[in-house]
Amino acid sequence: MSSLEASKQSTFTTTGLVVGYALCSSLLAIINKYAITKFAYPALLTALQYLTSALGVWVLAKLGFLCHDAFTLQTAKKFLPAAFVFYLAIFTNTNLLKHANVDTFIVFRSLTPLLVAIADTAFRKQPCPSRLTFLSLFIILGGAVGYVLTDSGFTLTAYSWAFAYLVTITTEMVYIKHIVTNLGLNTWGFVLYNNLLSLMMAPFFWFITGEYSEIFSEMQSRTDDWFQFDAFVAVSASCVFGLLISFFGFAARRAISATAFTVTGVVNKFLTVAINVMIWDKHANMAGLVCLISTLVGGVLYQQSVTKSVNVPVTVNKPIGSDDEDEKQLLVEEKRDSTV
(Lines give C-alpha, C1' and ligand atoms only; values in the text may rest on other atoms or scores of the structure.)
Protein backbone atom coordinates (compact mmCIF):
# COMPACT_ATOMS: atom_id res chain seq x y z
CA MET A 1 0.00 0.00 0.00
CA SER A 2 1.40 3.40 -1.01
CA SER A 3 1.82 6.21 1.49
CA LEU A 4 -0.96 8.17 -0.26
CA GLU A 5 -3.40 5.24 0.00
CA ALA A 6 -2.43 4.69 3.63
CA SER A 7 -3.02 8.38 4.34
CA LYS A 8 -6.47 8.27 2.70
CA GLN A 9 -7.39 5.11 4.60
CA SER A 10 -6.30 6.71 7.87
CA THR A 11 -8.36 9.82 7.07
CA PHE A 12 -11.47 7.74 6.32
CA THR A 13 -10.98 5.73 9.52
CA THR A 14 -10.60 8.87 11.63
CA THR A 15 -13.64 10.46 9.97
CA GLY A 16 -15.73 7.35 10.59
CA LEU A 17 -14.77 7.27 14.25
CA VAL A 18 -15.57 10.96 14.73
CA VAL A 19 -18.91 10.65 12.89
CA GLY A 20 -19.83 7.57 14.93
CA TYR A 21 -19.03 9.39 18.15
CA ALA A 22 -20.97 12.47 17.02
CA LEU A 23 -24.12 10.47 16.21
CA CYS A 24 -24.01 8.52 19.47
CA SER A 25 -23.34 11.67 21.48
CA SER A 26 -26.16 13.56 19.75
CA LEU A 27 -28.76 10.90 20.43
CA LEU A 28 -27.55 9.79 23.86
CA ALA A 29 -28.33 13.14 25.51
CA ILE A 30 -31.98 12.85 24.41
CA ILE A 31 -32.18 9.16 25.29
CA ASN A 32 -30.66 9.71 28.74
CA LYS A 33 -33.04 12.58 29.45
CA TYR A 34 -35.98 10.35 28.50
CA ALA A 35 -34.56 7.47 30.55
CA ILE A 36 -34.02 9.55 33.69
CA THR A 37 -37.57 10.92 33.28
CA LYS A 38 -39.01 7.40 33.27
CA PHE A 39 -36.44 5.90 35.69
CA ALA A 40 -35.46 8.53 38.27
CA TYR A 41 -32.45 6.75 39.78
CA PRO A 42 -29.22 8.28 38.36
CA ALA A 43 -26.73 6.02 40.15
CA LEU A 44 -28.56 2.80 39.23
CA LEU A 45 -29.04 3.96 35.63
CA THR A 46 -25.32 4.63 35.19
CA ALA A 47 -24.50 1.28 36.84
CA LEU A 48 -26.75 -0.52 34.34
CA GLN A 49 -24.95 1.29 31.52
CA TYR A 50 -21.55 0.20 32.85
CA LEU A 51 -22.78 -3.39 33.27
CA THR A 52 -24.09 -3.49 29.69
CA SER A 53 -20.84 -2.12 28.27
CA ALA A 54 -18.53 -4.39 30.28
CA LEU A 55 -20.66 -7.47 29.68
CA GLY A 56 -21.05 -6.58 26.00
CA VAL A 57 -17.28 -6.39 25.50
CA TRP A 58 -16.74 -9.71 27.30
CA VAL A 59 -19.45 -11.55 25.33
CA LEU A 60 -18.36 -10.19 21.94
CA ALA A 61 -14.76 -11.15 22.74
CA LYS A 62 -15.85 -14.71 23.63
CA LEU A 63 -17.73 -14.91 20.32
CA GLY A 64 -14.63 -13.77 18.45
CA PHE A 65 -16.00 -10.45 17.20
CA LEU A 66 -13.37 -8.35 18.99
CA CYS A 67 -10.17 -8.57 20.99
CA HIS A 68 -9.47 -6.76 24.23
CA ASP A 69 -6.52 -6.64 26.60
CA ALA A 70 -6.64 -9.03 29.53
CA PHE A 71 -7.81 -7.56 32.82
CA THR A 72 -4.91 -7.43 35.27
CA LEU A 73 -4.71 -5.94 38.74
CA GLN A 74 -1.56 -3.97 37.90
CA THR A 75 -3.17 -2.22 34.92
CA ALA A 76 -6.40 -1.71 36.87
CA LYS A 77 -4.49 0.18 39.58
CA LYS A 78 -3.02 2.51 36.95
CA PHE A 79 -6.41 3.07 35.33
CA LEU A 80 -8.41 3.46 38.55
CA PRO A 81 -7.98 7.27 38.93
CA ALA A 82 -9.16 7.79 35.35
CA ALA A 83 -12.14 5.49 35.90
CA PHE A 84 -13.05 7.41 39.08
CA VAL A 85 -13.01 10.75 37.22
CA PHE A 86 -15.03 9.17 34.40
CA TYR A 87 -17.61 7.89 36.90
CA LEU A 88 -17.95 11.34 38.46
CA ALA A 89 -18.43 12.92 35.03
CA ILE A 90 -21.21 10.49 34.07
CA PHE A 91 -22.79 10.66 37.52
CA THR A 92 -22.95 14.47 37.55
CA ASN A 93 -24.16 14.42 33.93
CA THR A 94 -27.07 12.12 34.79
CA ASN A 95 -28.05 14.19 37.82
CA LEU A 96 -27.86 17.37 35.72
CA LEU A 97 -30.28 15.83 33.20
CA LYS A 98 -32.56 14.85 36.08
CA HIS A 99 -32.83 18.42 37.41
CA ALA A 100 -32.45 20.50 34.21
CA ASN A 101 -33.39 20.34 30.54
CA VAL A 102 -31.14 19.09 27.73
CA ASP A 103 -30.32 22.66 26.63
CA THR A 104 -28.71 23.46 29.99
CA PHE A 105 -26.61 20.32 29.68
CA ILE A 106 -25.53 21.31 26.15
CA VAL A 107 -24.51 24.83 27.20
CA PHE A 108 -22.28 23.60 30.02
CA ARG A 109 -20.95 20.83 27.79
CA SER A 110 -20.09 23.55 25.24
CA LEU A 111 -17.83 25.31 27.73
CA THR A 112 -15.45 22.35 27.96
CA PRO A 113 -13.37 23.12 24.80
CA LEU A 114 -12.20 26.42 26.29
CA LEU A 115 -11.31 24.84 29.63
CA VAL A 116 -9.69 21.80 28.00
CA ALA A 117 -7.60 24.05 25.72
CA ILE A 118 -6.34 25.91 28.80
CA ALA A 119 -5.73 22.67 30.70
CA ASP A 120 -3.94 21.10 27.72
CA THR A 121 -1.57 24.06 27.62
CA ALA A 122 -1.06 24.35 31.39
CA PHE A 123 -0.81 20.69 32.40
CA ARG A 124 -0.01 18.68 29.27
CA LYS A 125 2.46 21.25 27.90
CA GLN A 126 0.66 21.51 24.55
CA PRO A 127 1.25 24.62 22.36
CA CYS A 128 -1.16 27.51 22.96
CA PRO A 129 -4.10 27.70 20.52
CA SER A 130 -4.00 30.48 17.93
CA ARG A 131 -5.79 33.81 18.37
CA LEU A 132 -8.53 32.69 15.96
CA THR A 133 -9.06 29.52 17.97
CA PHE A 134 -9.35 31.42 21.24
CA LEU A 135 -11.77 33.88 19.61
CA SER A 136 -14.10 31.04 18.63
CA LEU A 137 -13.84 29.54 22.11
CA PHE A 138 -14.75 32.86 23.74
CA ILE A 139 -17.79 33.09 21.44
CA ILE A 140 -18.85 29.80 23.02
CA LEU A 141 -18.29 31.35 26.45
CA GLY A 142 -20.36 34.44 25.57
CA GLY A 143 -23.25 32.30 24.37
CA ALA A 144 -23.14 30.25 27.56
CA VAL A 145 -23.21 33.35 29.77
CA GLY A 146 -26.14 34.70 27.76
CA TYR A 147 -28.02 31.44 28.18
CA VAL A 148 -27.60 31.47 31.96
CA LEU A 149 -28.84 35.08 32.15
CA THR A 150 -31.96 34.26 30.12
CA ASP A 151 -32.74 30.86 31.66
CA SER A 152 -36.23 31.10 33.12
CA GLY A 153 -35.88 27.60 34.56
CA PHE A 154 -32.86 28.49 36.71
CA THR A 155 -32.66 26.54 39.98
CA LEU A 156 -29.81 26.31 42.45
CA THR A 157 -29.93 22.50 42.44
CA ALA A 158 -29.74 22.24 38.65
CA TYR A 159 -26.85 24.69 38.31
CA SER A 160 -24.98 23.13 41.21
CA TRP A 161 -24.98 19.86 39.28
CA ALA A 162 -24.11 21.79 36.13
CA PHE A 163 -20.96 23.32 37.65
CA ALA A 164 -20.01 19.96 39.18
CA TYR A 165 -20.40 18.38 35.74
CA LEU A 166 -18.34 21.12 34.10
CA VAL A 167 -15.42 20.59 36.48
CA THR A 168 -15.46 16.80 36.26
CA ILE A 169 -15.92 16.57 32.47
CA THR A 170 -13.05 18.99 31.87
CA THR A 171 -10.79 16.97 34.16
CA GLU A 172 -11.94 13.75 32.52
CA MET A 173 -11.28 15.02 28.99
CA VAL A 174 -7.67 15.94 29.71
CA TYR A 175 -6.78 13.08 32.04
CA ILE A 176 -8.37 10.32 29.93
CA LYS A 177 -6.46 11.65 26.90
CA HIS A 178 -3.26 11.33 28.95
CA ILE A 179 -4.15 7.74 29.92
CA VAL A 180 -5.12 6.80 26.34
CA THR A 181 -1.80 8.00 24.95
CA ASN A 182 0.41 6.47 27.65
CA LEU A 183 -1.12 3.25 28.99
CA GLY A 184 -0.98 1.30 25.71
CA LEU A 185 -4.29 -0.61 25.86
CA ASN A 186 -6.31 -1.20 22.72
CA THR A 187 -9.69 0.50 22.31
CA TRP A 188 -11.82 -2.38 23.63
CA GLY A 189 -9.36 -2.79 26.50
CA PHE A 190 -10.05 0.80 27.54
CA VAL A 191 -13.80 0.22 27.26
CA LEU A 192 -13.58 -2.91 29.45
CA TYR A 193 -11.38 -1.35 32.14
CA ASN A 194 -13.34 1.90 32.23
CA ASN A 195 -16.78 0.33 32.57
CA LEU A 196 -15.81 -2.57 34.84
CA LEU A 197 -14.00 -0.33 37.32
CA SER A 198 -16.86 2.19 37.20
CA LEU A 199 -19.35 -0.62 37.88
CA MET A 200 -17.37 -1.58 40.99
CA MET A 201 -17.70 1.99 42.29
CA ALA A 202 -21.48 2.12 41.79
CA PRO A 203 -22.55 0.58 45.17
CA PHE A 204 -20.51 3.20 47.02
CA PHE A 205 -22.46 6.00 45.33
CA TRP A 206 -25.78 4.22 45.96
CA PHE A 207 -25.11 4.45 49.69
CA ILE A 208 -23.65 7.94 49.94
CA THR A 209 -26.55 9.41 47.94
CA GLY A 210 -29.19 7.35 49.75
CA GLU A 211 -30.58 6.15 46.42
CA TYR A 212 -30.70 2.53 47.58
CA SER A 213 -33.40 3.39 50.14
CA GLU A 214 -35.47 5.13 47.47
CA ILE A 215 -35.27 2.04 45.26
CA PHE A 216 -36.33 -0.32 48.06
CA SER A 217 -39.22 1.96 49.02
CA GLU A 218 -40.41 2.15 45.41
CA MET A 219 -40.26 -1.65 45.01
CA GLN A 220 -42.24 -2.18 48.21
CA SER A 221 -44.92 0.32 47.17
CA ARG A 222 -45.32 -1.43 43.78
CA THR A 223 -45.42 -5.08 44.79
CA ASP A 224 -47.88 -6.03 42.04
CA ASP A 225 -46.93 -3.56 39.31
CA TRP A 226 -43.22 -2.81 39.65
CA PHE A 227 -42.38 -3.46 35.98
CA GLN A 228 -43.00 -0.56 33.57
CA PHE A 229 -42.47 -1.26 29.88
CA ASP A 230 -41.72 2.34 28.85
CA ALA A 231 -39.05 2.65 31.56
CA PHE A 232 -37.56 -0.70 30.45
CA VAL A 233 -37.32 0.48 26.82
CA ALA A 234 -35.80 3.83 27.81
CA VAL A 235 -33.19 2.24 30.09
CA SER A 236 -32.35 -0.44 27.50
CA ALA A 237 -31.80 2.14 24.77
CA SER A 238 -29.63 4.18 27.13
CA CYS A 239 -27.49 1.12 27.92
CA VAL A 240 -27.02 0.14 24.26
CA PHE A 241 -25.99 3.64 23.27
CA GLY A 242 -23.72 3.73 26.31
CA LEU A 243 -21.82 0.75 24.88
CA LEU A 244 -21.60 2.34 21.44
CA ILE A 245 -20.33 5.67 22.74
CA SER A 246 -17.77 3.85 24.90
CA PHE A 247 -16.15 2.42 21.80
CA PHE A 248 -16.45 5.49 19.56
CA GLY A 249 -15.44 7.80 22.40
CA PHE A 250 -12.19 6.00 23.21
CA ALA A 251 -11.39 5.37 19.54
CA ALA A 252 -11.89 9.05 18.69
CA ARG A 253 -9.71 10.11 21.64
CA ARG A 254 -6.87 8.06 20.16
CA ALA A 255 -7.35 9.65 16.73
CA ILE A 256 -7.68 13.36 17.59
CA SER A 257 -6.53 15.85 20.23
CA ALA A 258 -8.37 16.38 23.52
CA THR A 259 -9.57 19.85 22.47
CA ALA A 260 -10.74 18.67 19.03
CA PHE A 261 -12.52 15.76 20.70
CA THR A 262 -14.46 18.08 23.00
CA VAL A 263 -15.35 20.43 20.13
CA THR A 264 -16.71 17.46 18.17
CA GLY A 265 -19.03 16.86 21.11
CA VAL A 266 -20.14 20.50 20.90
CA VAL A 267 -20.77 20.69 17.16
CA ASN A 268 -22.89 17.52 17.01
CA LYS A 269 -25.27 19.07 19.54
CA PHE A 270 -26.99 20.92 16.66
CA LEU A 271 -28.82 17.67 15.98
CA THR A 272 -29.56 17.25 19.68
CA VAL A 273 -31.09 20.74 19.87
CA ALA A 274 -33.26 20.12 16.80
CA ILE A 275 -34.59 16.80 18.14
CA ASN A 276 -35.11 18.24 21.61
CA VAL A 277 -37.21 21.13 20.29
CA MET A 278 -39.33 18.87 18.06
CA ILE A 279 -40.21 16.02 20.39
CA TRP A 280 -41.26 17.78 23.63
CA ASP A 281 -41.48 21.07 25.56
CA LYS A 282 -38.48 20.37 27.85
CA HIS A 283 -36.27 23.05 26.26
CA ALA A 284 -35.21 26.66 26.71
CA ASN A 285 -37.19 29.73 25.64
CA MET A 286 -36.41 31.58 22.40
CA ALA A 287 -33.74 33.86 23.94
CA GLY A 288 -32.07 30.85 25.52
CA LEU A 289 -32.14 28.94 22.22
CA VAL A 290 -30.47 31.89 20.45
CA CYS A 291 -27.67 31.92 23.04
CA LEU A 292 -27.41 28.14 22.79
CA ILE A 293 -27.05 28.31 19.00
CA SER A 294 -24.31 30.94 19.36
CA THR A 295 -22.28 28.55 21.53
CA LEU A 296 -22.60 25.91 18.82
CA VAL A 297 -21.61 28.43 16.14
CA GLY A 298 -18.49 29.15 18.17
CA GLY A 299 -17.78 25.42 18.09
CA VAL A 300 -18.10 25.38 14.30
CA LEU A 301 -15.73 28.35 14.00
CA TYR A 302 -13.20 26.52 16.12
CA GLN A 303 -13.52 23.44 13.92
CA GLN A 304 -12.94 25.60 10.86
CA SER A 305 -9.77 27.05 12.38
CA VAL A 306 -8.44 23.55 13.05
CA THR A 307 -9.42 22.29 9.59
CA LYS A 308 -7.67 25.24 7.96
CA SER A 309 -4.43 24.44 9.77
CA VAL A 310 -4.66 20.76 8.84
CA ASN A 311 -5.08 21.55 5.15
CA VAL A 312 -1.90 23.64 5.02
CA PRO A 313 0.80 21.52 3.31
CA VAL A 314 3.90 20.95 5.42
CA THR A 315 7.35 20.59 3.85
CA VAL A 316 10.78 20.01 5.33
CA ASN A 317 11.90 23.52 4.40
CA LYS A 318 8.88 25.24 5.94
CA PRO A 319 9.45 26.38 9.53
CA ILE A 320 6.57 26.46 11.95
CA GLY A 321 6.16 30.08 12.87
CA SER A 322 4.25 31.86 15.57
CA ASP A 323 1.17 32.14 13.34
CA ASP A 324 0.92 28.34 12.96
CA GLU A 325 0.26 27.30 16.55
CA ASP A 326 -2.57 24.90 15.65
CA GLU A 327 -0.43 23.26 12.97
CA LYS A 328 2.41 22.87 15.48
CA GLN A 329 0.04 21.29 17.98
CA LEU A 330 -1.19 18.78 15.40
CA LEU A 331 2.36 17.84 14.43
CA VAL A 332 3.44 17.41 18.05
CA GLU A 333 0.44 15.20 18.85
CA GLU A 334 0.89 13.15 15.67
CA LYS A 335 4.52 12.48 16.60
CA ARG A 336 3.64 11.55 20.17
CA ASP A 337 0.67 9.34 19.25
CA SER A 338 2.67 7.46 16.62
CA THR A 339 4.95 6.12 19.39
CA VAL A 340 2.10 4.59 21.42
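Residues numbered from 1 in each chain as written. Predicted model: local features only at pLDDT ≥ 70, side-chain atom pairs only at ≥ 80, totals over all residues. Heavy atoms only, no water.

The chain goes by Sugar phosphate transporter domain-containing protein in an unreviewed UniProt entry, where it is assigned to Rhynchospora pubera. Entered under Subcellular location (unreviewed entry) in the UniProt record, the comment concerning the chain runs "Membrane". (UniProt positions renumbered as here; feature names shortened; annotations may be inferred.)

### What about the packing of aromatic side chains?
Applying the stated criterion to the full structure yields 16 aromatic pairs. When the centroid spacing of 5.2 Å and the interplanar angle of 50° are considered together, the rings of phenylalanine 91 and phenylalanine 205 count as tilted. Of the two residues, phenylalanine 91 is situated in helix H3 (residues 73–99) and phenylalanine 205 in helix H8 (residues 187–209); the sequence distance between them amounts to 114 residues. In this pair, the class of phenylalanine 91 matches that of phenylalanine 205, namely buried. Between phenylalanine 108 and tyrosine 159 the ring centres are 5.5 Å apart and the planes differ by 75°, which places this aromatic pair in the edge-to-face class. Of this pair, phenylalanine 108 sits in helix H4 (residues 102–110) while tyrosine 159 sits in helix H7 (residues 156–183), and the two are 51 residues apart along the sequence. As far as the burial class goes, phenylalanine 108 and tyrosine 159 line up, both buried. Chaining the aromatic ring pairs together yields one cluster made of Tyr50, Phe86, Tyr87, Phe91, Trp161, Phe204 and Phe205. (Phe/Tyr/Trp six-rings, centres within 6.5 Å; stacked < 30°, edge-to-face > 60°. Helix = DSSP H or I, 4+ residues; strand = E, 2+ residues; numbered from the N terminus. Buried < 20%, exposed > 50% of the residue type's maximum accessible area, 1.4 Å probe, protein only.)

### Some remarks on H3
For H3, built from 27 residues, the straight-helix expectation of 39 Å at 1.5 Å per residue is met to within 8% by its first-to-last C-alpha distance of 37 Å. Of all the bends in H3, the greatest reaches close to 45° and is centred on phenylalanine 79; the proline proline 81 follows between one and four positions later. (Expected span 1.5 Å × (residues − 1). Bend = angle between axes of the 7 residues up to and from the residue.)

### Considerations on the pattern of salt bridges
Counted according to the given criterion, the structure contains 1 salt bridge. With a closest N to O distance of 3.4 Å, lysine 38 and aspartate 230 form a salt bridge. Here the residue lysine 38 occupies a position in helix H1 (residues 3–38), and aspartate 230 occupies one in helix H10 (residues 229–255), the gap between them amounting to 192 residues. A residue is classified by how much of its surface remains accessible, and lysine 38, at 33% relative accessible area, is partly exposed. Classification of aspartate 230 by relative accessible area gives partly exposed; the value is 33%. (Salt bridge = Lys/Arg side-chain N within 4 Å of Asp/Glu carboxyl O.)

### Regarding the packing of H8 against H10
H10 packs onto H8 with a crossing angle of 125° between their chain directions and a minimal axis gap of 9 Å. As judged from the angle between their axes, H8 and H10 are oblique. Crossing geometry of H8 relative to H10 is assigned as right-handed. For the pair H8 and H10, the contacting residues are Thr187, Trp188, Phe190, Val191, Asn194 and Asn195 in the first and Leu243, Ser246, Phe247, Phe250, Ala251 and Arg254 in the second. Per-class residue counts for the contact of H8 with H10 are 7 nonpolar, 4 polar and 1 charged. (Axes fitted to C-alpha atoms, helices over the stretch in contact; angles between N-to-C directions. Parallel < 35°, antiparallel > 145°, perpendicular 65-115°, else oblique. Left-handed = near helix turned anticlockwise from the far one by under 90°. Contact = heavy atoms within 4.5 Å. Nonpolar A, V, L, I, M, F, W, Y, C, P; charged D, E, K, R; others polar.)

### Regarding the nonpolar core
Ranked by internal contacts, the top residues of the largest apolar core, which has 48 residues, are Phe105 and Ile106. With 8 residues, H7 is the single largest residue contributor to this core. By size, the runner-up hydrophobic cluster in this structure holds 26 residues, among which are Val57, Ala82, Ile176 and Ile179. (Core = buried A, V, L, I, M, F, W, Y, C linked by side-chain atoms within 4.5 Å.)

### What about the environment of serine 238?
Summarising the element assignment, serine 238 is placed in helix H10. By relative accessible area, which is 0% here, serine 238 ends up buried. Residues serine 238 and alanine 29, 209 residues apart in the sequence, show an inter-C-alpha distance of 9.2 Å. Aside from chain neighbours lying at most four places away, what touches serine 238 is Leu28, Ile31, Asn32, Ala35, Leu45 and Gln49.

### A short note on the packing of helix H2 (residues 42–62) against H3
Close contact between H2 and H3 brings their axes to 9 Å; oriented N to C, the two are set at 130°. In terms of orientation, H2 lies oblique with respect to H3. Seen from above, H2 lies across H3 with right-handed handedness. Judged by residue contacts, Pro42, Ala43, Leu45, Thr46, Gln49 and Tyr50 of H2 engage Phe86, Tyr87, Ile90, Phe91, Thr94, Asn95 and Lys98 from H3. Each residue belonging to the contact of H2 with H3 can be placed in one class, and the counts come to 8 nonpolar, 4 polar and 1 charged.

### Some thoughts on the confidence of the model for the chain
On average, residues of the chain score 75 in pLDDT, and 74% of them reach the 70 mark or higher. Here helix H14 (residues 325–337) is the element of the chain with the lowest mean pLDDT, 33, and H2 is the one with the highest, 90. pLDDT under 50 marks residues 309–340. Its contacts with residues more than four places away, or in other chains, come to 45 contacts. (pLDDT = per-residue confidence, 0-100.)

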